[in-house]
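Summary of the model geometry
Chain by chain, the residues run as shown.
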Amino acid sequence: MTTANTGAASNNSPSPIEDVVLALERLRARCPLTHCMTNEVVKDITANVLLAVGASPAMVEHAEEAQEFATMADALLVNLGTLDDVQMEAMRRAIPAYQRAGKPWVLDPVAVGALGVRTRFAREIIAHRPALIRGNASEIIGLCGRASRGRGADSGDSAEEALDAAGELTARTGAVVLVTGAVDYATDGARVRSCANGHALMTRVTGVGCAQGALAAAFAAVCEDRLEAALATAAVMAVAGEIAAARAAHPGSFRVALLDELSRIDGEILRQRARIA
Ligand SMILES: Nc1ncnc2c1ncn2[C@@H]1O[C@H](COP(=O)(O)OP(=O)(O)O)[C@@H](O)[C@H]1O
Ligand SMILES: Cc1ncsc1CCOP(=O)(O)O
Ligand SMILES: [Mg+2]
């Protein structure tokens, strides 16, 4: 075992890697019921990622049921990937119900900044205090209202610009922001953590980022400290992706290997592999 992550690089916690390990253990012990209001493309991989890690997925869509489900589920994901009027109405009912129940909700602002309806909608719903916002650099910059250069990983938007926008978003909404990319950054405004694992193949399988948003909701359900939830989300997905890519070099087999590695990942693997600062 290496000793690279035994406590050197934290801000407040004596050992962020041990916080991540404990968060994963808590998630597996509690198996949080994670309500995913997500896009048409990624429902399958999202449910399977949650199951592989040890959470319990549920895709409840009808507006009345989505509101009702806030009394049963542990956390909500709101992903805007294939937003339509019916889904907007359901999200407008579900989000305040989670707030009333004192349960966390997570926003994945897919393509916000690039398209009008979802950008206006995202700016409307962040008034309801999401626990966590997860997006790529362009989406975080776009949600903040700044000009982004383009789309996702290929946009040229820098992590520094996104982290600056993330700081502004935390101040406005109270949410922890997780910016994903080659290096993932999490901030609560006061603290910044990073995770430098992962593999480019993760961007060649649709839904890895979206499934990570659902994982963030599951971790938010078991971590009072939402920065810890965000770091655990980043580390678990990126370490599993890195290991999967070492034995599956193409997107189809990588997708399967990723699910396998997400179910296999544990404290020992995280301590050996996670490059957290
Ligand atoms: N170039 C890269 N190298 C390593 N890991 C990456 C890279 N780009 C993205 N990832 C990882 O892929 C996952 C999804 O992130 P991202 O591609 O930014 O999301 P989205 O699909 O929403 O744009 C994250 O775990 C992130 O760490
Ligand atoms: C292809 C596509 N179109 C609308 S949502 C979506 C999925 C995006 O998933 P991810 O951001 O995780 O790759
Ligand atoms: Mg995405």
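Residues numbered from 1 in each chain as written. Chains lettered and ligands numbered in written order. Predicted model: local features only at pLDDT ≥ 70, side-chain atom pairs only at ≥ 80, totals over all residues. Heavy atoms only, no water.

In the annotation of an unreviewed UniProt entry, the entry for the protein reads Hydroxyethylthiazole kinase, and the organism field reads Termitidicoccus mucosus. According to UniProt, the comment filed for the protein under the heading Sequence similarities (unreviewed entry) is "Belongs to the Thz kinase family." (UniProt positions renumbered as here; feature names shortened; annotations may be inferred.)

**Section: the site of ligand 2**
Taken together, the residues surrounding ligand 2 are Asn-39, Val-41, Val-42, Gly-81, Thr-82, Thr-206, Gly-207, Val-208, Gly-209 and Cys-210. In this structure, an oxygen atom belonging to ligand 2 sits 3.3 Å away from a main-chain N or O atom of Gly-207. Contact between ligand 2 and Gly-209: an oxygen atom at 3.1 Å from a main-chain N or O atom of the residue. Compared with its free state, where it exposes 370 Å², ligand 2 has 63% of that area covered by protein. (Near = heavy atom within 4 Å. Polar contact = N/O pair within 3.5 Å; in protein donor to acceptor, adjacent residues only side chain to side chain. Areas by Shrake-Rupley, 256 points an atom, 1.4 Å probe, with all protein chains shown as cover.)

**Points about the UniProt feature "binding site: substrate" (unreviewed entry) in the protein**
The UniProt entry lists Met-59 and Gly-207 under the feature "binding site: substrate" (unreviewed entry), expressed in the numbering used here. Tracing the chain through its elements places Met-59 in the loop between β2 (56–58) and α3 (63–68). If near-sequence neighbours (up to four positions away) are discounted, Met-59 is found in contact with Cys-36, Lys-43, Thr-46 and Ala-47. With respect to the helices, strands and loops of the structure, Gly-207 is situated in the loop between β8 (192–195) and α8 (208–222). (Helix = DSSP H or I, 4+ residues; strand = E, 2+ residues; numbered from the N terminus. Contact = heavy atoms within 4.5 Å.)

**Focus: the site of ligand 1**
Taken together, the neighbourhood of ligand 1 is formed by 14 residues, with Arg-134, Asn-136, Thr-180, Asp-184 and His-199 sitting nearest. Separating an oxygen atom of ligand 1 from a side-chain N or O atom of Arg-134 is a distance of 2.8 Å. One nitrogen or oxygen atom from the side chain of Asn-136 is found 2.8 Å from an oxygen atom belonging to ligand 1. A total of 540 Å² of accessible area belongs to ligand 1 in isolation, and the protein chains cover 82% of it. The residue makeup of the shell around ligand 1, split by class, is four nonpolar, eight polar and two charged. (Nonpolar A, V, L, I, M, F, W, Y, C, P; charged D, E, K, R; others polar.)

**Some remarks on the sheet that holds strand β6 (residues 176–180)**
If you walk across this open sheet you meet the eight strands as β2-β1-β3-β4-β5-β6-β7-β8, and the pairing is mixed. The sheet terminates laterally at β2 and β8, the two strands that pair on one side only. Going from strand to strand, the sheet's axes swing by 20° on average, the running direction of each strand aside. Direction of pairing for β6 relative to strand β7 (residues 184–187): antiparallel, over a ladder of three bridges. (Pairing = 2+ DSSP bridges. Axes fitted to C-alpha atoms, helices over the stretch in contact; angles between N-to-C directions.)

**Considering the UniProt feature "binding site: ATP" (unreviewed entry) in the protein**
Mapped onto the present numbering, the UniProt feature "binding site: ATP" (unreviewed entry) falls on Arg-134 and Thr-180. A maximum C-alpha distance of 7.3 Å places the annotated residues, which cover 47 residues in sequence, within one compact spot. On the accessibility criterion, Arg-134 (5% relative accessible area) is buried. Residues contacting Arg-134, with those up to four places away along its chain left out, are Leu-107, Asp-108, Pro-109, Glu-139, Leu-178, Thr-180, Gly-209, Cys-210, Gln-212 and Gly-213. A distance of 3.0 Å separates a polar atom in the side chain of Arg-134 from a polar atom in the side chain of Asp-108. (Buried < 20%, exposed > 50% of the residue type's maximum accessible area, 1.4 Å probe, protein only.)

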